[in-house]
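Each chain, letter by letter, is given below.
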Amino acid sequence: MNRSKLIVVAGAALAIASLAIAAEQKEAKESTKSATAPNTQHVLLTPADLQWGEAPPGLPAGAKLAVLEGDPTKKGPFTIRLQMPDGYKVMPHTHPTAEKVTIISGTGFLGMGAKFDEAAAKQMEPGSFAILPAGMQHFAFAKGETILQISSSGPFQIKYVYPADDPRQAKQ
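Everything numeric in this text was worked out from a predicted model, so none of it was measured.

*Asks:* Quick rundown of the overall build of the chain? Include the residues and the values.
*Replies:* Within the chain, the regular secondary structure consists of 2 helices and 9 strands. If you take every contact in the chain between residues at least 6 apart in sequence, the share linking residues at least 24 apart comes to 70%. Surface exposure of the chain reaches about 11000 Å², of which carbon and sulfur atoms provide 59%.

Here is the structure:
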């Protein structure tokens, strides 16, 4: 084999090896991306499919919670439903991530600010929607049994404006 043919063959081998390495790197990158991407699986739930349990200790006792997607205790998107009994109140608090709230049933009330003020709260009927930016001080209460749907990013955290309002403090 003459020198020019040897150079062509070596160049072709180098090009093929480069393509193989690039393909492996792309595949590795995509598999890492899909492992951290939001759930893209088909989900179809009816109200009868929901598994209700106790709300987390950061919320006052009496509410029930069902997870529709994701895991509120882990990093990433999640959607939950919160069933609040008549008269249920969540005192002024903030979250480190934005919340998207939809009223599914009943009558919920949302208020903004550091003071719990029923007169300043907005009445939210079924179908009502709110976006609460990260860090926004807000409070909520229910008149009649009310179900909210909340979409956010985990892990779920709640910080009460006044530590004495935190139900976790009462349990200590």
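*Asks:* Lay out the nonpolar core with the relevant residues and their values.
*Replies:* Counting 22 residues, the largest nonpolar core has L59, L82, M84, Y88, V90 and L148 as the members making the most contacts within it. Those elements giving two or more residues to this core turn out to be β3 (76-84), β5 (99-112), β7 (129-132) and β8 (138-154). Not counting the four nearest positions on each side in its chain, L82 is found in contact with W52, A55, L59, A63, K64, L65, T146, I147 and L148. F109, F116, F139 and F141 belong to the second-largest nonpolar core, a separate cluster that totals 5 residues.

*Asks:* Quick one: what's the story with the confidence of the model for the chain, residue by residue and with numbers?
*Replies:* Low-pLDDT portions of the prediction should not be read for the details of their coordinates. On average, residues of the chain score 82 in pLDDT, and 76% of them are at 70 or above. Within the model, pLDDT remains below 50 along residues 3-37, and this stretch shows 2 contacts once partners closer than five positions in the same chain are excluded.

*Asks:* Now, about the pairing of β8: what can you tell me, with residues and values included?
*Replies:* The element β8 is extensively covered by neighbouring structure, given that 12 of its 17 residues are classed as buried. Judged from the 9 bridges that link them, β3 and β8 form a sheet pairing that is antiparallel. Across the sheet, residue I80 finds its bridge partner in β8, namely I150. As judged from the 3 bridges shared by strand β4 (residues 89-94) and β8, these two strands associate in the antiparallel manner. The partner of H93 across the bridge, within β8, is H138. Here β5 runs beside β8; their pairing, made up of 11 bridges, is antiparallel. Its bridge partner lying in β8, M112 is registered against H138.

What counts and what doesn't
- Each chain has its residues counted from 1, running along the sequence as written.
- Selection of residues for local features in this predicted model requires a pLDDT of at least 70, selection of side-chain atom pairs for listing and counting requires 80 or more, and totals for whole chains, interfaces and linings are taken over all residues.
- Processing note: side-chain calculations cover all non-hydrogen atoms of the structure and skip hydrogens and water entirely.
- Helix numbering and strand numbering both begin at the N terminus, where a helix is a DSSP run of H or I of at least 4 residues and a strand a DSSP run of E of at least 2.
- Only heavy atoms enter the contact rule, under which two residues are in contact if any of them lie within 4.5 Å.
- Surface accessibility in these figures is a Shrake-Rupley result with a 1.4 Å probe; residues are shielded only by whichever protein chains are displayed.
- Only buried residues count toward a nonpolar core. Its members are Ala, Val, Leu, Ile, Met, Phe, Trp, Tyr and Cys residues joined through side-chain atoms within 4.5 Å.
- To sort residues, take the accessible area from a 1.4 Å probe on protein chains only and compare it with the maximum for the residue type: under 20% means buried, over 50% means exposed, and anything in between is partly exposed.
- pLDDT is a residue-level measure of predictor confidence that goes from 0 to 100.
- A strand pair is defined by DSSP finding two or more bridges across the two strands.

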